[in-house]
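# Chain and residue survey
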Amino acid sequence: MRELGTYAKNSWCPGCGNFAILNAVKTVLREIFEGGECPSENIVLVSGIGCHAKIVDYLNINSFYSIHGRVTPVAEAIKIAKGHLKVIGFAGDGDAYGEGLEHLIFAAKRNIDITMLIHNNRVYGLTTGQYTPTSPLGFRGRSTPSGTNELPINPLELMLASGATFIARGYSNRMDLLKDVIKEAIMHKGFSLVDVLQVCVTFFNLYDYYNQKVYALKQHNFSDYNEALKKIREWDYNTDAPVALGVFYKKDSPVFNEKFTVKEISVSQRKKKVREMLEGLV
């Protein structure tokens, strides 16, 4: 059995919600490997820029570091090139819902078969406390000492409208449920997004708030679009409403990447094609 840990020294702050996500992913991957659902060599992890990105340093799995906001297109490219792989993207709320939002929308629209796990701490932790697209109105940080003037976006509502076929929310302090939704997302065929409420204890400690507000979805019809929308809108990231955890929406739909076939060619054939292309430019 592959050892999933690595020699890399962990540099997250004590109490960071990223530890829970790391442990949840380790547990899920171990279950997948031991259950024969997917061999370890067929899993590829992609991360971006931010505290979340270090997760690939701590997992002994094939991985790719992308630049800020570009986790989604890299994951898409890998899946299209090697369709047999399971590709899991890790991104932060600033990473995915800010600079990378257009990529996320189009991946959902295309229903490409990748899993996106969003470490949503609602703050730029790595750069010491600026506001993000999911920070609440009035958030006081390094860039907004008097408080933000913007309402937060509801990323799950946006993903539902964009065509995502699996939408869920987890919380870094509810491990059993978090493991369940992550595994279900990875095994889903189509575009999956799990928004994980991942607390940053250093710059925006929301443990007390979430512990009082979160609840697990029960008797929820995740195949009903309107019911999913109603539950997703119940908490708009800025109110005192209850915060639902679990799968909001799930459906089967044709996946984008199966429409492509990638023909592998030898090195000599590549060189020949390059020569022909260069000769055509002369």
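What this report covers is the structure whose coordinates are included nearby. (Residues numbered from 1 in each chain as written. Predicted model: local features only at pLDDT ≥ 70, side-chain atom pairs only at ≥ 80, totals over all residues. Heavy atoms only, no water.)

## Remarks on the pattern of salt bridges
In plain terms, the rule: We define a salt bridge as a contact between a side-chain nitrogen of Lys or Arg and a carboxyl oxygen of Asp or Glu at a distance within 4 Å. Secondary structure elements follow DSSP: runs of H or I of four or more residues count as helices, runs of E of two or more count as strands, with numbering from the N terminus. Type-normalised accessible area, obtained with a 1.4 Å probe on protein chains alone, sets the label of each residue: buried when under 20%, exposed when over 50%, and partly exposed for intermediate values.
Tallied over the entire structure, the rule returns 10 salt bridges. Between lysine 183 and glutamate 31 there is a salt bridge, with its nearest N and O atoms 3.5 Å apart. Here lysine 183 is found in helix H6 (residues 175-187), whereas its partner glutamate 31 is found in helix H1 (residues 18-34), with 152 residues between them in sequence. Overall, the relative accessible area of 23% leaves lysine 183 in the partly exposed class. In this structure glutamate 31 comes out as partly exposed when scored by relative accessible area, which is 38%. Note that aspartate 176 is salt-bridged to lysine 179, the shortest N-O span being 3.7 Å. Of the two residues, aspartate 176 and lysine 179 both sit in helix H6, 3 residues apart, roughly one turn of that helix. The exposure class assigned to lysine 179 is partly exposed, which follows from its relative accessible area of 23%. What emerges from the salt-bridge pattern is a single network uniting Glu31, Glu37 and Lys183.

## Some words on helix H8 (residues 225-234)
In an α-helix there are 3.6 residues to a turn, and that puts residues three or four apart on one side. Filter applied, for reference: To be clear, the arc concerns the directions from the helix axis to the C-beta atoms. We call two residues contacting when some pair of their heavy atoms lies within 4.5 Å. In protein, a polar contact means a hydrogen-donor-capable atom and an acceptor-capable atom, both N or O and within 3.5 Å, with residues adjacent in sequence counting only if both atoms are side-chain atoms; elsewhere, any N or O pair within 3.5 Å suffices.
Those residues of H8 that fall on the buried side of the exposure criterion are Ala228, Leu229 and Ile232. The buried residues of H8 all sit within an arc of 100° when viewed along its axis, so they share a single face. For H8, the exposed residues set more than 90 degrees away from the buried face come down to Asn226 and Lys230. Against the buried residues of H8 lie helix H5 (155-162), strand E5 (166-171) and strand E8 (243-250). Taking the backbone nitrogen of asparagine 226 as reference, a side-chain oxygen 2.9 Å away marks aspartate 224 as the first, capping residue of H8.

## Describing the packing of helix H4 (residues 101-110) against H5
What counts, and what does not: To get an axis, fit a line to the C-alpha atoms, keeping to the stretch in contact for a helix; angles then go from 0 to 180 degrees between the N-to-C directions. Roughly parallel covers angles under 35 degrees, roughly antiparallel covers those over 145, roughly perpendicular covers 65 to 115, and oblique covers all other angles. When residues are grouped by polarity, Ala, Val, Leu, Ile, Met, Phe, Trp, Tyr, Cys and Pro land in nonpolar, Asp, Glu, Lys and Arg in charged, and all others, Gly among them, in polar.
Contact geometry for H4 and H5: axes closest at 8 Å, N-to-C directions at 45°. Taken together, H4 and H5 sit at an angle that is classed as oblique. Residues Leu101, Leu104, Ile105, Ala108 and Lys109 of H4 pack against Leu158, Met159 and Ser162 of H5. By residue class, the composition of the contact of H4 with H5 is 6 nonpolar, 1 polar and 1 charged.

## Side note on the sheet that holds E5
Quick reminder of the rule: A strand pair is defined by DSSP finding two or more bridges across the two strands.
Spatially, the 8 strands line up as an open sheet ordered E2-E1-E3-E4-E6-E5-E8-E7, and their pairing is mixed. Each edge of the open sheet is held by one strand with a lone partner, namely strand E2 (63-65) and strand E7 (214-216). Taking each pair of neighbouring strands and ignoring which way they run, the sheet shows an average axis angle of 20°. Examined bridge by bridge, strand E3 (residues 86-92) and strand E4 (residues 115-120) share 5 bridges and lie parallel to one another. By the bridge assignment, glycine 89 is partnered in E4 with methionine 116. With respect to the sheet, H1 is in contact with strand E1 (43-47), E3, E4 and strand E6 (192-197), its orientation differing from that of E4 by roughly 160°.

## Side note on the packing of aromatic side chains
What counts here: Only rings of Phe, Tyr and Trp enter the pairing, Trp through its six-membered ring, and a pair is recorded when the two centres are within 6.5 Å. The plane angle decides the type: under 30 degrees is stacked, over 60 is edge-to-face, the rest tilted. A positively charged side chain is recorded as over a ring if its NZ (Lys) or CZ (Arg) lies within 6 Å of the ring centre. The angle to the ring normal must also be within 35 degrees.
For the structure on display, the rule yields 8 aromatic pairs. Taking 5.8 Å as the distance between ring centres and 85° as the angle between the ring planes, the aromatic pair formed by tyrosine 225 and tyrosine 249 counts as edge-to-face. Residue tyrosine 225 is found in helix H8, and its partner tyrosine 249 is found in strand E8; the two are separated by 24 residues along the sequence. The class of tyrosine 249 is buried, set by a relative accessible area of 6%. Here the aromatic cluster, defined as three or more aromatic residues joined through ring pairs, consists of Tyr171, Tyr209, Tyr210, Trp235 and Tyr237. One residue, arginine 110, lies across the ring of phenylalanine 256, its end atom 5.7 Å from the ring centre.

## Quick notes on the environment of lysine 79
Tracing the backbone shows lysine 79 in helix H2 (residues 71-81). Owing to a relative accessible area of 4%, lysine 79 belongs among the buried residues under this scheme. The spacing of lysine 79 and valine 44 is 35 residues in sequence and 9.3 Å in space, taken between C-alpha atoms. Non-local contacts of lysine 79, meaning those with residues more than four positions away in its chain, are made with Leu85, Val87, Ile112, Asp113, Ile114 and Asn257.

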